[in-house]
Amino acid sequence: MIVIGGGIAGLTAAALLAQDGIAVTLLEAHHQAGGCAGTFRRGPWIFDVGATQVAGLEPGGSHARILQHLGLALPKASLLDPGCVVDLGDGSPPISLWHDPKRWAEERVRQFPGSERFWQLCELLHTSNWAFAGRDPVVTPRSWWDFSTLLAALRPETLASGLFTTFSIANLLQLCGCQNDKRLRRFLDLQLKLYSQEPADRTAALYGATVLQMAQAPLGLWHLQGSMQVLSEQLSQAIETAGGEIRLRHRVQAMHPSARGWTVTTTGTGAGAQAQEWHASDVICSLPPQCLVDLLPSDEIPHRYRQRLTTLPEPSGALVLYGVVQRKALPIDCPGHLQRGTEHPGSLFVSISRDGDGRAPLGQATVIASVFTPTADWCELEEPVYQGRKIERLKTMKHELNAWLGLSEDDWIHTELATPRGFAGWTGRPRGMVGGLGQHPSRFGPFGLAGRTPLPGLWLCGDSLYPGEGTAGVTLSALNACRQLMEHRGLQLSFNR
Ligand SMILES: Cc1cc2nc3c(=O)[nH]c(=O)nc-3n(C[C@H](O)[C@H](O)[C@H](O)COP(=O)(O)OP(=O)(O)OC[C@H]3O[C@@H](n4cnc5c(N)ncnc54)[C@H](O)[C@@H]3O)c2cc1C
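Since the model is a prediction, treat every value here as computed from it, not as a measurement.

Student: How should the site of the ligand be read in this particular structure?
Tutor: Taken together, 38 residues surround the ligand, and among them Gly5, Gly7, Gly35, Gly50 and Gly428 come closest. When contributions to the shell around the ligand are tallied by element, the ones reaching two or more residues are α1 (8-19), β10 (250-258), β14 (317-326) and α15 (471-488). In terms of domain composition, the shell around the ligand takes at least three residues from each of domain 1 (2-40 + 56-76 + 228-313 + 433-496) and domain 3 (317-373 + 379-418).

Shown next as structure tokens:
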């Protein structure tokens, strides 16, 4: 079998298949695995390209379950407490997302008086969601078997929370009489945009209720020791130990159904690279589904499926500033992860390395600040215009960070900016789109894109599939694709035995 893409989704899928003795080859365009959860080095510094916080490392969490199944230890990581500190940018006191649920409840009461009914409803929905998701249902059923997994995961409380399937988080606010609390709404808009690509009135209530509780026990957010690359390295090691193959610098250019299943064509991205053909019974593709239109022969894509693929909403792009400052220039007790609402350049999410975490020499700190931006025309700009725009955006972001963190120009030892054009080059994502499809009620859960495609033997995973973006989310999407594929072959993935 072939897995396309060596981000966390593709690596997890390949590791699960290899563990079950399946001959699997993973094809990755880049010279290293990891994709949006990879890292790059600049002199003495290591920067996490995209993901900086990890969920799913708690007992029963998605990464923890998979790593345990693969016989791997959990990566060294420290729990984030607070998971994030959110500054609404209106001069009011910042909000700390404490790990202890009691402390977080006290913080909520102080910050958003009168909102407890809203939080209790979120907690109720989350508890029911979590128990349902823990039974590994295929929530976008396209076969009787998929449907049977869904039925088996249902409980009376799931059916009750199912009544909220078409609700948004803003609907929940209204239901609880909190619709006029402007501070709460701003806080929710900022946080939800990070996890669902959408604000409160466009985020599915069932999804939002869970992501709003990711930082609290018994869940949590972690900072990996070393770098984010550790996660990909562990999964790569599991693939190779189990006899699977990882082919780096192999960019998939086309795939088509053949008598034996699928033929996949790659071109190498190194010197002297040649086109190569690969044959497999099944293909799991972890690239954004928008890529399929270019990879598949047009007459092989059923008309309605093509229509679905070509009308998918365009996810955002990101501008990411990778910087280094003297640690002493940062505020005392500066939290590791912060978010701030600003008009220009837009809501900033900042991750700061810790002394001894492997990312910067002692006395220095890496500062990674990201802001969403439309993918727009970044990939088409003439070089001078592109460079000009890049310099201007870097200046705006730095200016905002200086004002917020009390830094001066002299405190910066290094800065560079990645744009959608950079992300398109690094991750192969069309136009540099990041994140998934957005968790609007019309696209969440059963209304989302299915891992089982209408083309036999072609399966999808990644952050456009249920349950959505984030390394913990794409891990579950990979598990789903593997279970469906194995069932289709009359087998059962050992993970579920
Ligand atoms: C700025 C930013 C911040 C983020 N912060 C967090 C965070 O703090 N926590 C969190 O959990 N998540 C975060 N995320 C989201 C998270 O990184 C992603 O959802 C997740 O890593 C996506 O994994 P994936 O495997 O689905 O896709 P990708 O990581 O995009 O992997 C796809 C892989 O396919 C390869 N590829 C592309 N085209 C081809 C081709 N034609 N042939 C072969 N290979 C190809 C790419 O090189 C890449 O390695 C962030 C993302 C970004 C961009």
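Further notes follow.
Student: What is the right way to read helix α14 (residues 420-427) from this model?
Tutor: Three or four residues apart is the spacing at which side chains of an α-helix point the same way, because the helix has 3.6 residues per turn. The complete set of buried residues in α14 reads Pro420, Gly422, Phe423 and Thr427. Projected down its long axis, α14 shows its buried positions confined to an angular sector of 155 degrees, all on one face. Packed against the buried residues of α14 are β14, β17 (364-373) and β18 (412-418). Glycine 428 lies just past α14 and shows a positive phi near 70 degrees.

Student: What is the right way to read the nonpolar core from this model?
Tutor: As a rule of thumb, soluble globular proteins bury nonpolar side chains together. Ala13, Ala14, Val283 and Cys482 are the most contacted members of the largest nonpolar core, which totals 128 residues. Contact partners of cysteine 482, with chain neighbours within four places excluded, come to Ala13, Leu16, Leu17 and Leu493.

Student: Would you take a moment to explain the environment of tryptophan 222 for this structure?
Tutor: Summarising the element assignment, tryptophan 222 is placed in strand β8 (residues 222-224). Accessibility expressed as a C-beta count within 10 Å gives 21 for tryptophan 222, which makes it buried. In this structure, the C-alpha to C-alpha distance between tryptophan 222 and glutamate 58, residues 164 residues apart in sequence, is 9.3 Å. Those residues within four positions of tryptophan 222 in sequence are excluded, and the remaining contacts are Gln53, Val54, Leu57, Ala77, Ser78, Leu79 and Leu80.

Student: Sorry, what's going on with the domain arrangement of the protein here?
Tutor: When the parts of a complex come together, some accessible area is lost, and that lost area is often used as the size of the interface. Under the domain assignment used here, the protein contains domain 1 (2-40 + 56-76 + 228-313 + 433-496), domain 2 (104-217) and domain 3 (317-373 + 379-418). Once you take the C-alpha centre of each, domain 1 and domain 2 turn out to be 27 Å apart. Facing 23 residues of domain 1, the contacting portion of domain 2 comprises 23 residues. Residues that form the side of domain 1 that touches domain 2 fall into these classes: 8 nonpolar, 13 polar and 2 charged.

Student: Help me understand the sheet that holds β10 in this model?
Tutor: Paired through their backbone hydrogen bonds, the strands of a sheet run either parallel or antiparallel. One open sheet accounts for 3 strands, arranged β10-β11-β12; its pairing is antiparallel. Both outer strands of the open sheet, β10 and β12 (275-280), are each paired with one neighbouring strand and no more. Averaged over all pairs of adjacent strands, the angle between their axes in this sheet comes to 25 degrees, without regard to strand direction.

Student: Is there a simple way to think about the pairing of strand β15 (residues 337-340) in this case?
Tutor: The two faces of a sheet get side chains in turn, since along a regular strand they alternate between them. Burial of the side chains of β15 extends over both faces: His337 and Gln339 are buried on one face and Leu338 and Arg340 on the other. In this sheet, β15 lies alongside strand β6 (residues 85-87) in parallel orientation, the contact comprising 3 bridges. Each residue of the ladder has a partner; that of aspartate 87, found in β15, is arginine 340. As paired strands, β15 and strand β16 (residues 348-352) are joined by 4 bridges and run antiparallel to one another. Opposite histidine 337, over in β16, you have serine 351 as the bridge partner.

Student: I would appreciate a short explanation of the sheet that holds strand β13 (residues 283-285) in the present structure.
Tutor: Across the sheet, 5 strands lie side by side as β9-β2-β1-β13-β19; this open sheet has parallel pairing. Looking at which strands have only one partner, the edges of the open sheet turn out to be β9 (245-247) and β19 (458-460). In this sheet, neighbouring strand axes are inclined to one another by 20 degrees on average, regardless of whether the strands run parallel or antiparallel. Bridging between strand β1 (residues 2-4) and β13 involves 3 bridges; their strand directions are parallel. By the bridge assignment for β13, valine 3 is matched with isoleucine 284. Taken strand by strand, α1 contacts β1, β2 (25-27) and β13, and its axis lies near 165 degrees from that of β1.

Rules behind the numbers
- Residues numbered from 1 in each chain as written.
- Predicted model: local features only at pLDDT ≥ 70, side-chain atom pairs only at ≥ 80, totals over all residues.
- Near = placed C-beta within 6 Å.
- Helix = DSSP H or I, 4+ residues; strand = E, 2+ residues; numbered from the N terminus.
- Domains from an automatic or database assignment.
- Buried ≥ 20, exposed ≤ 12 C-beta atoms within 10 Å, placed from the backbone.
- Arc of directions from axis to C-beta.
- Contact = placed C-beta atoms within 7 Å.
- Core = buried A, V, L, I, M, F, W, Y, C linked by C-beta atoms within 7 Å.
- Nonpolar A, V, L, I, M, F, W, Y, C, P; charged D, E, K, R; others polar.
- Pairing = 2+ DSSP bridges.
- Axes fitted to C-alpha atoms, helices over the stretch in contact; angles between N-to-C directions.

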